[in-house]
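# Analysis of the macromolecular model
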Amino acid sequence: MTKPNRIVIGADNFGVELKNTLAEHLRANGYEVVDMGVHDTAPVDYPDIAVRVAEAVARGEFPRGILVCGTGAGMAITANKVPGIRSVAVADPYTAERAMASNNAQVITFGQLVVGPAVAKKLADIWLNTEFQGGRSAPKVAKMEALDAKFRKQT
């Protein structure tokens, strides 16, 4: 697997500053970044942004996506509602690495009120430079995918 070069990013009004910082950091490191909003601090419902980003990843338009809100929790929960998406809220290096290595998470989320800009940049770098390890993790991810397919059929 090769390192992704295109990233989609989005935030609600509580995460716009960190989103902008991350987008700038990623562009400076050679990534093509597509920003799906928001661009100011006017109130917005985070599910609207999360689903926009997660659907773009699920459709295969982007290999990975990053979402930012106040805590990262709401964005992760919402992104995980999109069939085919595995999203993890990240606040430490080990979780950033395992999100991809063990869980093959295509989307990570940050909380602007939880993680500072320097840490968020480092965590994004860890996640983007990690590949899915397969091995013992592959059947676990396959079980998650099977559950996703099962419940998608029931709706």
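Per chain, residues are indexed from 1 in the order of the written sequence. The model is predicted, so local features are restricted to residues of pLDDT at least 70 and side-chain atom pairs to those at 80 or more, both for listing and for counting; the totals for chains, interfaces and linings are taken over all residues. Side-chain calculation: all heavy atoms of the structure are included, whereas hydrogens and water are not.

### Some words on the packing of aromatic side chains
To keep it simple, the criterion reads: By convention, a stacked pair of Phe, Tyr or Trp rings (six-membered ring in the case of Trp) has centres within 6.5 Å and planes under 30 degrees apart, an edge-to-face pair has planes over 60 apart, and any other such pair is tilted. Any Lys NZ or Arg CZ found within 6 Å of a ring centre and within 35 degrees of that ring's normal is scored as a charge over the ring.
One pass over the structure, following the stated rule, counts zero aromatic pairs. Across from the ring centre of Trp127, 5.0 Å away, lies the NZ or CZ of Arg64, which sits over that ring.

### Observations concerning helix α4 (residues 93–101)
The test is simple: Partly exposed describes any residue whose relative accessible area lies between the buried limit of under 20% and the exposed limit of over 50%, with all areas from a 1.4 Å probe on protein chains only and scaled to the type maximum. Working definition: helices are DSSP H or I runs of at least four residues, strands are E runs of at least two. Numbering for both runs from the N terminus. Throughout, a contact is declared for two residues whenever any of their heavy atoms are within 4.5 Å. Here a polar contact means two N or O atoms within 3.5 Å. Within protein one must be a hydrogen donor candidate and the other an acceptor candidate, and residues neighboring in sequence count only if both atoms are side-chain atoms.
Restricting attention to buried positions, one finds in α4 the residues Ala96, Arg98, Ala99, Met100 and Ala101. In the core, the buried residues of α4 are packed alongside β3 (64–69), β4 (87–89), β5 (107–111), α5 (117–128) and α6 (137–154). Sitting at the amino-terminal end of α4 is Asp92, which places a side-chain oxygen 3.1 Å from the backbone nitrogen of Tyr94.

### Digging into the pairing of strand β2 (residues 32–35)
Our working rule: Two strands pair if DSSP finds at least two bridges between them. Handedness is read with the strands pointing away from the viewer; a crossover is right-handed when the path from the first strand over the helix to the second is clockwise.
Pairing analysis gives four bridges linking strand β1 (residues 6–11) to β2, with the strands arranged parallel. Following the sheet pairing, Ile9 is matched in β2 by Asp35. Once you follow β1 into helix α1 (residues 16–28) and on to β2, the crossover reads as right-handed.

### Overview of the environment of Gly70
Here Gly70 shows up in the loop between β3 and α3 (73–79). With a relative accessible area of 10%, Gly70 lands in the buried category. Here the alpha-carbon distance between Gly70 and Asp48, two residues 22 residues apart in the chain, equals 15 Å. Contacts of Gly70, omitting those with residues within four sequence positions, involve Asp12, Phe14, Gly111, Gln112, Leu113 and Val114.

### Quick notes on the sheet that holds β1
Backbone-to-backbone hydrogen bonds join strands into a sheet, with any given pair of strands oriented parallel or antiparallel. Test applied: The axes are straight lines fitted to the C-alpha atoms, using for helices just the contacting stretch, and the angles between their N-to-C directions are given from 0 to 180°.
Spatially, five strands are ordered β2-β1-β3-β5-β4 in an open sheet, and the strand pairing comes out parallel. At either end of the open sheet lies a strand with only one pairing partner, and these are β2 and β4. Strand-to-strand twist across the sheet, computed as the mean angle between neighbouring axes with direction ignored, equals 20°. Sheet strands in contact with α1 are β1, β2, β3 and β5, and its direction is about 165° off that of β1.

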